Amino acid sequence: MLRLIATSLCLRCQHVAALRSSLRPCATLSSAENQQTVAALYDLAVDIQKVRKLKGWVLHQCPAYTKEVADLLKDIGASGPIVARILAAHPEAVLCNPEQMQTQRDLWMSVCPSQRDLVGIIEKFPASFFTSSSHHDNQRNNIAYFQSLNLNKRIITKLMASAPQSFSRPVEQNEVMVRTLQQAYQELGGEEANMKLWLQKLLSQNPFVLLKPPEVLRQNLLFLRDRGFSTAELLRLLSNLRGFVTELNPDSMHRTLTYSQDTIGCSEAELRGIILKCPALLYYPESILAERFESLLSVGISMSQITETPNVLELTTQIVNYRIQRLKTLRYDVRTGSLDVLNGTKKDFEMSCGKLQLHRERPLFNPVAPLKVDG
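Residues numbered from 1 in each chain as written. Predicted model: local features only at pLDDT ≥ 70, side-chain atom pairs only at ≥ 80, totals over all residues. Heavy atoms only, no water.

1. Some points on the environment of Val58
So, point 1. Relative to the helices and strands, Val58 resides in the loop between helix 3 (48–55) and strand 2 (61–62).
So, point 2. C-alpha separation for the pair Val58 and Val94, spaced 36 residues apart in sequence, amounts to 8.3 Å.
So, point 3. Leaving out residues up to four positions away in the same chain, Val58 has contacts with Pro91, Glu92, Val94 and Leu95. (Helix = DSSP H or I, 4+ residues; strand = E, 2+ residues; numbered from the N terminus. Contact = heavy atoms within 4.5 Å.)

2. Describing helix 5 (residues 80–89)
So, point 1. Residues Ile82, Val83, Ala84, Ile86, Leu87 and Ala88 constitute the buried set of helix 5.
So, point 2. Lining the buried residues of helix 5 we find helix 2 (35–43), helix 3, helix 4 (66–75), helix 7 (115–124) and helix 8 (126–129). (Buried < 20%, exposed > 50% of the residue type's maximum accessible area, 1.4 Å probe, protein only.)

3. Details of the packing of aromatic side chains
So, point 1. Scanning the model with the defined rule gives seven aromatic pairs in all.
So, point 2. One aromatic cluster is present, built from ring pairs that chain together Trp108, Phe129 and Phe130.
So, point 3. Stacked on the ring of Tyr284, the Lys or Arg Arg292 has its end atom at 4.7 Å from the ring centre. (Phe/Tyr/Trp six-rings, centres within 6.5 Å; stacked < 30°, edge-to-face > 60°. Lys NZ or Arg CZ within 6 Å of the ring centre and 35° of its normal.)

4. Some remarks on the packing of helix 16 (residues 250–264) against helix 17 (residues 268–277)
So, point 1. In contact at an axis separation of 10 Å, helix 16 and helix 17 are set at 110 degrees when each is read in the N-to-C sense. Here helix 16 is positioned roughly perpendicular relative to helix 17, judged by the angle of their axes. For the pair helix 16 and helix 17, contact is made by Leu257, Ser260, Gln261 and Ile264 and by Glu268, Leu271, Ile274 and Ile275, respectively.
So, point 2. Broken down by class, the residue content of the contact of helix 16 with helix 17 amounts to five nonpolar, two polar and one charged. (Axes fitted to C-alpha atoms, helices over the stretch in contact; angles between N-to-C directions. Parallel < 35°, antiparallel > 145°, perpendicular 65-115°, else oblique. Nonpolar A, V, L, I, M, F, W, Y, C, P; charged D, E, K, R; others polar.)

5. What to know about the nonpolar core
So, point 1. One finds Leu87, Phe130, Phe146, Leu224 and Leu282 to be the most contacted residues of the largest nonpolar core, which totals 106 residues.
So, point 2. When near neighbours in sequence (up to four residues on either side) are disregarded, Leu282 contacts Leu224, Leu237, Leu241, Leu248, Met253, Thr256, Leu257 and Ile275. (Core = buried A, V, L, I, M, F, W, Y, C linked by side-chain atoms within 4.5 Å.)

6. Regarding the confidence of the model for the protein chain
So, point 1. Averaged over every residue, the pLDDT of the protein chain is 86; residues scoring 70 or more account for 86%.
So, point 2. Per-residue pLDDT stays below 50 along residues 1–27; that stretch engages in 41 contacts with residues further than four places along the chain or on separate chains. (pLDDT = per-residue confidence, 0-100.)

7. Things to note about the pattern of salt bridges
So, point 1. In this structure the tally under the stated criterion is 10 salt bridges.
So, point 2. Among the ionic pairs, Arg140 bridges to Asp137, the shortest N-O distance being 3.1 Å. With a gap of three residues between them, Arg140 and Asp137 both fall in helix 9 (residues 136–148), about one helical turn apart.
So, point 3. According to the relative accessible area criterion, Arg140 is partly exposed, its value standing at 38%.
So, point 4. The residue Asp333 makes a salt bridge to Arg335 at a minimum N-O spacing of 3.0 Å. (Salt bridge = Lys/Arg side-chain N within 4 Å of Asp/Glu carboxyl O.)

8. Structural notes on the side chain of Asn174
So, point 1. Here Asn174 lies in helix 12 (residues 171–187).
So, point 2. Discounting residues that sit within four places of it in the chain, Asn174 has contacts with Asn142, Tyr145, Phe146, Ser166, Arg169 and Leu210.

9. Points about the environment of Val51
So, point 1. As for its position among the elements, Val51 is in helix 3.
So, point 2. Filtering out sequence-adjacent residues up to four positions away, Val51 remains in contact with Val46, Gly56, Leu59, Leu87, Ala88 and Pro91.

10. A short note on the packing of helix 16 against helix 18 (residues 286–298)
So, point 1. In contact at an axis separation of 10 Å, helix 16 and helix 18 are set at 20 degrees when each is read in the N-to-C sense. With respect to helix 18, the axis of helix 16 lies roughly parallel. Crossing of helix 16 against helix 18: the hand is right-handed. Of the residues in helix 18, those in contact with Arg255, Thr256, Tyr259, Ser260, Thr263 and Ile264 of helix 16 are Glu286, Leu289, Ala290 and Phe293.
So, point 2. Here the residues of the contact of helix 16 with helix 18 sort into five nonpolar, three polar and two charged. (Left-handed = near helix turned anticlockwise from the far one by under 90°.)

As structure tokens, this is what we get:
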């Protein structure tokens, strides 16, 4: 999703940039394709049909700097196939002025651990690297600001890649949000010595937290406090929600909490305990929760099992059904066993299945152990 958001926003910026004569004085849009661009992309083994289908407008632009952009990518270590994939996924790159791209390269290398890492980032987030030249000053100021916070270079690079909008805007806006986060952390009892690590983790898990209005964070914390969460519990939620607390609002949380309490049939204190086990319950809409509760109950799983392991509600219905069927083949009954085996990533689940398979195939006795014979 991060890639889609970043790509969409950058594409919009490129449309605007293409129309600004101050950025490219001779930029024009022709009814025919720019044959030089097409030929250069062919030479680079770029999937032209994919470009025509998804972003054909790029092929009509003039001027284009296909060779120059490809040379820049190769110069930092990108192989031919990687260059082809980058330009197929983000052909707008060929419209970027070479001098501006050199500036971009220098900016990114000021925080990127190595050229190899930069190539990997561009391959995953091309829209974040090939941005409008009008933001270079903001990028430079934001880089300096995050460095002043002593944040890890990899964290800063991840922020630039995942949420480029936070670096293209004035640094003052990021300063306000960071101060708000730090203030909330301190007011909730967070230790000063751990603040840097806490902030790094929060920004790493959800880079878009910087783009949210600071008032939203304050309103949500006040709402949760009114619902009975202690100061220590609020700090846990702020840390474990991966910043999603800034994407919520009191109305949506009220509806979700009311629905969950009515469905589970528990007290407010019990509901708070469940939320602390599974903070994601705060931001799932009622419709999604209803579907997931119904799916679990329909296969014989009890409500007490769900409240004991509420993280199972983070999984989609399709994933839960698949995993339940898979466990059945291993003779594991989720109606009587723990739901913990359902949780985790795909890799975690496969490891759990492997252990169950091994347990099922393990012999009941050790065939190489010596037999006891009465003398």
